[in-house]
Amino acid sequence: MSKKTFGVLALILLLAIGLVGLPALAAEPIKIGTVLPTTGPIATFGQSTLNGIKMAIEEINAAGGVLGRRIELVNEDTKSDATETRNAVAKLINRDNVLAIIGEVASTNTLAGAPVAQSQGVPMVTPGSTNEKVTEVGDYIFRTCFVDPYQGKIVASYAARSMKAKRAALLTALSSDYSVGLANVFKAEFTRLGGKIVSEQSYSEGDQDFSAQLTKLRSIKPDVLYIPGYYTEIALIARQARQLGVKIQILGSEGTESPKLFELGGDAVEGILFSTHYSAEVKNPIAQRFLKNFKEKYGQDPEALSALGYDAALVVADAVKRAGKVDRKALRDALAKTRNVKVVTGVITLDARRNPIKSVVILRVEKGQKYKLVEQINP
Ligand code: PHE
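None of the values given here were measured: they were computed from a predicted structure.

## Some points on the nonpolar core
Grouped together as the largest cluster of nonpolar side chains are 99 residues, with contacts concentrated most on Phe186 and Phe190. Apart from the residues within four sequence positions on either side, phenylalanine 190 is in contact with Ala156, Ala159, Ala160, Ala165, Lys166, Arg167, Ala168, Gly195, Lys196 and Ile197. Counting residues in each nonpolar core, the second largest holds 16 residues, with Val35, Val116, Val122 and Val134 among its members.

## Comments concerning the domain arrangement of the protein chain
Domain boundaries assigned for the protein chain yield domain 1 (30–146 + 283–359) and domain 2 (149–276). Summarising the inter-unit geometry, the C-alpha centres of domain 1 and domain 2 are found 28 Å apart. Contacts between domain 1 and domain 2 engage 20 residues on the former and 18 residues on the latter. Between domain 1 and domain 2, a total of about 1,500 Å² is buried, with carbon and sulfur atoms accounting for 55% of that surface. Summed over the three residues of domain 1 that lose the most area to domain 2, namely Thr44, Phe45 and Phe146, the buried surface amounts to 32% of that side.

## Quick notes on the site of the ligand
Around the ligand, 13 residues are found, and the nearest of them are Ser107, Gly128, Thr130, Tyr230 and Glu254. Residue glycine 128 places a main-chain N or O atom 2.8 Å away from a nitrogen atom belonging to the ligand. In the complex, 99% of the free accessible area of the ligand, which totals 330 Å², lies under the protein chains. The class makeup of the residues in the shell around the ligand is six nonpolar, six polar and one charged.

## Examining the pattern of salt bridges
Scanning all chains against the criterion turns up 18 salt bridges. In this structure, glutamate 76 and arginine 95 form a salt bridge, with 3.0 Å as the shortest nitrogen-oxygen distance. Of this pair, glutamate 76 sits in strand β2 (residues 71–77) while arginine 95 is found in the loop between α4 (82–94) and β3 (100–103), placing the two residues 19 residues apart along the sequence. The class for glutamate 76 is buried, based on a relative accessible area of 13%. By relative accessible area, arginine 95 is classed as partly exposed at 46%. Between aspartate 96 and arginine 95 there is a salt bridge, with the nearest N and O atoms lying 2.6 Å from each other. Sharing partners across several salt bridges, the network here consists of Glu76, Lys91, Arg95 and Asp96.

## Observations regarding the sheet that holds strand β8 (residues 224–227)
With mixed pairing, the seven strands of this open sheet are ordered in space as β7-β6-β8-β9-β10-β13-β14. The open sheet is flanked by β7 (196–203) and β14 (370–377), the only strands paired with a single partner. Taking the axes of each pair of neighbouring strands and ignoring which way they run, one obtains an average angle of 25° across the sheet. Relative to β7, strand β6 (residues 167–173) is paired through seven bridges, and the arrangement is parallel. Paired with leucine 171 across the two strands is glutamine 201, which belongs to β7. Of the strands in this sheet, β6, β7, β8 and β9 (249–252) touch helix α7 (residues 177–192), which is tilted by about 165° from β6. Contacting β6, β7 and β8, helix α8 (residues 211–220) runs over the sheet at an angle of about 165° to β7.

## Looking at the sheet that holds β2
The parallel open sheet is built from five strands, whose spatial order is β2-β1-β3-β4-β5. Both outer strands of the open sheet, β2 and β5 (141–143), are each paired with one neighbouring strand and no more. Ignoring strand direction, the axes of neighbouring strands in this sheet form an average angle of 25°. Against the sheet, helix α3 (residues 43–62) touches β1 (30–36), β2 and β3, its axis set at about 170° to β2.

## Some remarks on the confidence of the model for the protein chain
Per-residue pLDDT for the protein chain has a mean of 94; in total, 93% of the residues score no lower than 70. Here residues 11–15 is modelled with pLDDT under 50, and outside its nearest four sequence neighbours on either side it reaches zero contacts, counting other chains as well.

## Describing the side chain of glutamine 213
With respect to the helices and strands, the residue glutamine 213 is situated in helix α8. Leaving out residues up to four positions away in the same chain, glutamine 213 has contacts with Leu171, Gln201, Ser202 and Tyr203.

## Observations concerning α8
When we look at burial in α8, the residues that qualify are Gln213, Leu214 and Leu217. The arc that holds the buried residues of α8, viewed along the axis, is 95°, so those residues lie on one side. Of the exposed residues in α8, those oriented more than 90 degrees away from the buried face are Ala212, Lys216 and Ser219. Where α8 is buried, its residues meet β6, β7, β8 and α9 (231–243).

## Here we look at the environment of valine 365
Take valine 365: it is sitting in strand β13 (residues 360–366). For valine 365, a relative accessible area of 1% gives the class buried. With 98 residues separating them along the chain, valine 365 and aspartate 267 place their C-alpha atoms 9.6 Å apart. Aside from chain neighbours lying at most four places away, what touches valine 365 is Leu261, Phe262, Val269, Glu270, Gly271, Ile272, Phe274, Lys370 and Tyr371.

Cut-offs and rules
Residue positions are counted from 1 within each chain, in the order its sequence is given. Residues qualify for local features only when their pLDDT is at least 70, as the model is predicted, and side-chain atom pairs are given and counted only at 80 or more; totals for whole chains, interfaces and linings, by contrast, use all residues. Each side-chain value is worked out from all heavy atoms of the structure, with water and hydrogens disregarded. Among buried residues, the Ala, Val, Leu, Ile, Met, Phe, Trp, Tyr and Cys ones that are joined through side-chain atoms within 4.5 Å form a nonpolar core. For each residue, the accessible area found with a 1.4 Å probe, counting protein chains only, is set against the maximum for its type, and the residue is called buried under 20%, exposed over 50%, and partly exposed in between. Throughout, a residue-residue contact means that at least one pair of heavy atoms, one from each residue, lies within 4.5 Å. An automatic or database domain assignment is the source of the domain bounds shown. Put simply, buried area is how much 1.4 Å-probe accessible surface two parts lose in total, over both of them, once they are put together. Near is defined per residue: the residue qualifies when any heavy atom it owns lies within 4 Å of the molecule or strand. Here a polar contact is recorded for every N or O atom pair within 3.5 Å, except that within protein the pair must consist of a potential hydrogen donor and a potential acceptor, and residues adjacent in sequence are included only if both atoms are side-chain atoms. Only the protein chains shown count as cover for residues, and the accessible areas themselves come from Shrake-Rupley with a 1.4 Å probe. Residue polarity is assigned by list, with Asp, Glu, Lys and Arg as charged and Ala, Val, Leu, Ile, Met, Phe, Trp, Tyr, Cys and Pro as nonpolar; anything else, Gly included, falls into the polar class. Salt-bridge detection follows one rule: a side-chain nitrogen of Lys or Arg within 4 Å of a carboxyl oxygen of Asp or Glu. Only runs of H or I of at least four residues qualify as helices and only runs of E of at least two qualify as strands under DSSP, and these elements are numbered from the N terminus. At least two DSSP bridges between two strands are needed for those strands to be called paired. Axis lines are fitted through C-alpha atoms, for helices just across the contact stretch, and the angle between N-to-C directions can take any value from 0 to 180 degrees. Per-residue confidence from the predictor is given as pLDDT, running between 0 and 100. Arc definition: it is the arc formed by the directions from the helix axis to the C-beta atoms.

Put into structure tokens, the structure is as follows:
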């Protein structure tokens, strides 16, 4: 071949490499596992979270991936169950050899899976598990959401100060670490602020009939009823309260949010107030871009868990970049040094206990399957 032809071919080759990126062509993808409840009683939590994570990873890959490599997600369904979560974590480590795991979201499930990740030295980042004990499992366990001792205090103070509630009742799911943890914090803070807890009752996840608890509440007449829990039960409680003529302001937590809330509860759920991590009405540039792209991609508004999933993926990708190599220990160390990462739900700096401090929003459930921003409380 002539010198000239060779020159032209070499130029074309160089251009092609420049366009596609040689490392992206050559290297294997980086595998990140997700453990999420995409089926079972809290299936909308898993689906919402996975939608957010997928969107983030697609954007990252479209921009060239990390360390010149694509990220590949491997999802394991936890079926909303703690034992399944433990097995799913083990599978992702042993079968897929993942670099890190994102998940679970329900605290009880993350608490079951985290010891496996910790013992095998695999970084695990939960987008949504707020119970304090989760990151105490060990130095490989991180979260990108606020913790319940913080969330519960804000809600108790909202009830006592903004709603001027004096008498509160609690309805706690004893099978849920999340529910029990939040109820305890609420009780301590509400009492500290001069309020009185006038009734403490419980239920089990999966219960269908709440008439015994509601009948008691009808005669006790508290100002607010705090139900830290998940949508399935909250929807049924609201519906049965209406049927029994129990008119009490319900105060919930982030587990209230789900399309199923409206399906199961009908218009009885309107007016419920709850604390959570994200509102479509929050206006920072990253959140606005996320909202627009999410709506385009999925044809619906994102829930808190979609935003949290998206954010957790950004935090992991940021740490892989800073680690500079695909190595679990290096990734753990980089995650521990996460500082000022701007995400949809705020700015993430992890403290020595691998938790961030972030804003809490209070939303009101409205007609037409909507949530209205009532207040944003910044740290
Ligand atoms: N914080 C909940 C838990 O720890 C999970 C959750 C997060 C649910 C966000 C809904 C929205 O169990």
